[in-house]
Amino acid sequence: MAGPRAQPVGHSVNPPYRFETTATAAECHDRHGGIEPGTETGKQVSVAGRVMLRRVQGRLAFATLQDATGRVQLFAPAKVTPDYDGFCSLSLGDWVGVSGEVMKTRTGELSVKVEQWELLAAAQRSFPDKWHGLSDPDIRFRQRYVDLWVTEEARHTFRLRSEMMSLTRRWLEDRRFIEVETPVFHPVPGGALARPFSTHHNALDMDLFLRIAPELYLKRLVVGGLERVYEIARVFRNEGISTRHNPEFTMLELYWAYADYGDIMELVEELVAHLALELKGTTHISYGGRDLDLTPPWPRARFVDLLATHSGLDVDLDTPLAKLRSHCADREIPVEDRWGPGKLLLELYEKTTEAELWGPVFVCDYPKEVSPLAREHRDHPGWVERFEAIVAGRELANAFSELTDPDEQRARFEDQAADRDAGDAEAMAVDRDYLRALEFGLPPTGGLGVGMDRLAMLLADAPSIRDVILFPTLRPEPPERPER
């Protein structure tokens, strides 16, 4: 870290407590961008932001001021600008407040004439060259406070993400869904197959788990009569890190009484198409250099049929276990002795098929063995009414016709608990309060989980989940070496 630098002459070492702005950079351009070169408007503004470029030509200085809305030039003649030498000594990244007349230089650059200025905060570390941004992705993710200033793509991505969240809420509210909040601390981990983070509450002397999904609490609310509920929830899974996975991420989960997984398919494709139209202007987008058509309706295909097409294997739940294990061995897929045919089929699908599905496509009807919260398929015993929406080779959404029978749910929980006792850290435990809620009656319900980080990746054409999370989880940073 560079040592503190001297403040500009004539300015207090202590920065002001506030600065009153009357315009943003974008507003300056919107209001006065059409004036002719060499014109003064007579309009006074006060703007504030960081100095992102500075050059001095004798008794005339220029700087580029950047705020949250864009950039505007600062025009500083020595005969007008107080403490001209101090202004000329500003460093890249310094925060300044400037007051003066809006004008356009003879070269056609809209500018604010620097008639008054204050140093609001000094940047004591050097900013990278704004024209090149940050090329090291590790620095970008660790120092997002720098990345947002010098990388236009980062600013665009996070504005898009924010708008995506807002649009999603409005779209759901227009369809009578209400937003709720459910606990982050769970006494029993559940709602998904994942390893939880654990913690301890000292006052109650009880172990708790950070939620891996809000599902079981949201379905309690449907039992309670809230027929259309959703939550945009931060969830936590103690798993590996990759371009698609971060230990904490954001899920949209919703539950819709009287609906089934067919209704949820229509909701997903309509929501994603709406967001694409609003944010991209079209449902025909590009991701990673490949075209994607998000226009509804999206194709529907059965899990087992897609597995056959992409793996060349004619397999089903009645395929002998030894044969399924042999197929896994041929593809170097590790298996465990306790796995049944449903789990082996899922492993084969995930290793041979999912990444090949550019989509969008709804992959329908999963084995009951790997879907402990989904209702058994009305036409195919051993399978459940579940789909995953696959877009660009990865899961974007997971949804069920929800299991409503408390006795069947108890049996499934007990199977999961047995797997947990056998060493499966991702298996569920028995949630007795949730079973009690089901005993009060859960109507037919469609449920959905959407990975909002992955949706932001798709709409921003971002290759990594770290590009759409402001502060992703990273390995510990090496200690910084002190400067000599």
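Cut-offs applied
Here the residue index of a chain counts from 1 through its sequence in written order. Local features in this predicted model are restricted to residues of pLDDT 70 or higher, and side-chain atom pairs are both shown and tallied only at a pLDDT of 80 or more, whereas totals for entire chains, interfaces and linings draw on every residue. Based on all heavy atoms of the structure, the side-chain values leave hydrogens and waters out of the count. A pocket, in this scheme, is an open set of points on a 1 Å grid over the protein atoms alone with protein on both sides within 12 Å along at least 5 of 7 lines, while a cavity is a set where a 1.4 Å probe fits but cannot get out; residues line either one if an atom lies within 4 Å of a point. Grid points are joined across faces, edges and corners, and a volume is the space filled by probe spheres set on the points. Under the DSSP-based scheme used, a helix requires at least four consecutive residues in state H or I and a strand at least two consecutive residues in state E, with every element numbered from the N terminus. Here the term charged refers only to Asp, Glu, Lys and Arg, the term nonpolar to Ala, Val, Leu, Ile, Met, Phe, Trp, Tyr, Cys and Pro, and the term polar to all other amino acids, Gly among them. Only residues whose relative accessible area exceeds 30% and that form no salt bridge are eligible for patches; like-charged ones are grouped when within 9 Å, while nonpolar side chains (Val, Leu, Ile, Met, Phe, Trp, Tyr) are grouped when within 5 Å. The method behind every accessible area is Shrake-Rupley, applied with a 1.4 Å probe, and residues are considered shielded solely by the protein chains displayed. Here, a salt bridge means any side-chain nitrogen of Lys or Arg that lies within 4 Å of a carboxyl oxygen of Asp or Glu. Buried means the residue's accessible area, taken with a 1.4 Å probe over protein chains only, is under 20% of the maximum for its type, while exposed means over 50%, and partly exposed covers the values in between. Two strands pair under a simple rule: DSSP has to find at least two bridges between them. Residue contacts are counted whenever heavy atoms from the two residues lie within 4.5 Å of one another. The angle between two axes is taken between their N-to-C directions and runs from 0 to 180 degrees, where each axis is a line fitted to C-alpha atoms and a helix contributes only its stretch in contact. Aromatic pairs are defined between Phe, Tyr and Trp rings, using the six-membered ring for Trp, whenever the two ring centres lie within 6.5 Å; interplanar angles under 30 degrees are classed as stacked, those over 60 as edge-to-face, and all others as tilted. Any Lys NZ or Arg CZ found within 6 Å of a ring centre and within 35 degrees of that ring's normal is scored as a charge over the ring. Expected helix span is taken as 1.5 Å per residue step, with the number of steps being one fewer than the number of residues. Directions from the helix axis toward the C-beta atoms define the arc. Here a polar contact means two N or O atoms within 3.5 Å. Within protein one must be a hydrogen donor candidate and the other an acceptor candidate, and residues neighboring in sequence count only if both atoms are side-chain atoms.

**Observations regarding empty space enclosed by the protein**
For the coordinates displayed, the defined rule picks out 1 cavity of 30 Å³ or more. Empty space within the largest cavity amounts to approximately 40 Å³. Y287, V391, R394, L396, R454, M457 and L458 are the residues that line the largest cavity. Every element with two or more residues in the lining of the largest cavity is listed here: β18 (394-401) and α13 (452-460). Element by element, the count of residues in the lining of the largest cavity is highest for α13, at 3 residues. The residue inventory of the lining of the largest cavity, partitioned by class, reads 5 nonpolar, no polar and 2 charged.

**Points about the layout of surface pockets**
Regions of empty space are outlined by a rolling probe, equal in size to a water molecule, passed over the atoms. Here the second largest pocket defines a volume of roughly 550 Å³. Where the lining of the second largest pocket is concerned, the elements lending two or more residues are α3 (137-142) and α4 (144-150). Partitioning the lining of the second largest pocket into residue classes produces 13 nonpolar, 3 polar and 6 charged.

**Examining a nonpolar patch on the surface**
Taken together, the side chains of Y145, L470 and F471 make up a nonpolar region of the molecular surface, amounting to roughly 340 Å² of accessible area. Within the secondary structure, L470 sits in the segment after α13. Take L470: its relative accessible area is 35%, and that puts it in the partly exposed class.

**Points about the sheet that holds strand β7 (residues 178-179)**
In spatial order, the strands read β7-β11-β12-β19-β18-β17-β16-β15; together these 8 strands make up an open sheet with mixed pairing. Each having just a single partner strand, β7 and β15 (300-302) make up the two edges of the open sheet. Strand direction decides the pairing type here: strand β11 (residues 228-236) and strand β12 (residues 248-257), joined by 9 bridges, are antiparallel. Bridge assignment links A233 to a residue of β12, and that residue is M251. Strands β11, β12, β17 (383-391), β18 and β19 (445-451) of the sheet are contacted by α13, whose axis makes an angle of about 55° with β19.

**Looking at the pairing of β17**
In terms of residue burial, β17 counts as a mostly covered element, since 9 of its 9 residues are buried. With 6 bridges joining them, strand β16 (residues 361-367) and β17 adopt antiparallel strand pairing. Across the sheet, residue Y366 finds its bridge partner in β17, namely V384. In this structure, β17 lies alongside β18, joined through 6 bridges in antiparallel fashion. Residue pairing in the sheet places I390 in a bridge with E395 of β18.

**Description of the packing of aromatic side chains**
Here the structure, examined in full by the defined rule, presents 11 aromatic pairs. Residues F177 and W256 carry aromatic rings whose centres are separated by 6.0 Å and whose planes lie at 75° to one another, so their mutual orientation is edge-to-face. Of the two residues, F177 is situated in the loop between α5 (152-173) and β7 and W256 in strand β12; the sequence distance between them amounts to 79 residues. Cluster of aromatic residues (ring-pair linked, three or more members): F303, Y349, Y366 and W383. The residue whose ring lies beneath R55 is F62, and the NZ or CZ to ring-centre distance is 4.4 Å. The cationic tip of R175 hangs over the ring face of W171; the distance from NZ or CZ to the ring centre is 3.8 Å.

**Re the sheet that holds strand β9 (residues 198-201)**
Within a sheet, each strand pairs with its neighbour through backbone hydrogen bonds, oriented either parallel or antiparallel. Taken in spatial order, the 3 strands make up an open sheet running β8-β10-β9, and their pairing is antiparallel. Each edge of the open sheet is held by one strand with a lone partner, namely β8 (185-186) and β9. Pairing of β9 with strand β10 (residues 206-210) involves 4 bridges; the strand directions are antiparallel. Looking across to β10, one finds that H201 is bridged to M206.

**So, helix α11 (residues 406-421)**
An ideal rise of 1.5 Å per residue puts 22 Å on 16 residues; α11 measures up with 22 Å between its terminal C-alpha atoms. Buried within α11 are the following residues: P406, Q409, R412, F413, Q416 and A417. When α11 is viewed along its axis, its buried side chains cluster within an angular range of 145° and face the same direction. Summarising the geometry of α11, the exposed residues directed more than 90 degrees from the buried face are D407, D415 and D421. Between a side-chain oxygen at the N-terminus of α11 and the backbone nitrogen of D407 the separation is 2.8 Å; the capping residue is D405.

**Quick notes on the pattern of salt bridges**
Applying the stated criterion to the full structure yields 30 salt bridges. The residue D138 makes a salt bridge to R142 at a minimum N-O spacing of 2.9 Å. Separated by 4 residues within a single helix, D138 and R142 lie in helix α3, roughly one turn from each other. By relative accessible area, which is 33% here, D138 ends up partly exposed. Between D365 and R302 there is a salt bridge; the shortest N-O distance is 3.2 Å. With D365 in strand β16 and R302 in strand β15, the pair connects residues that are 63 residues apart, well separated along the chain. Residue D365 is classed as buried on the basis of its relative accessible area of 4%. One continuous salt-bridge network, built from bridges that share partners, spans R140, R144, D147 and D467.

So yeah, pure geometry; function would need other evidence.
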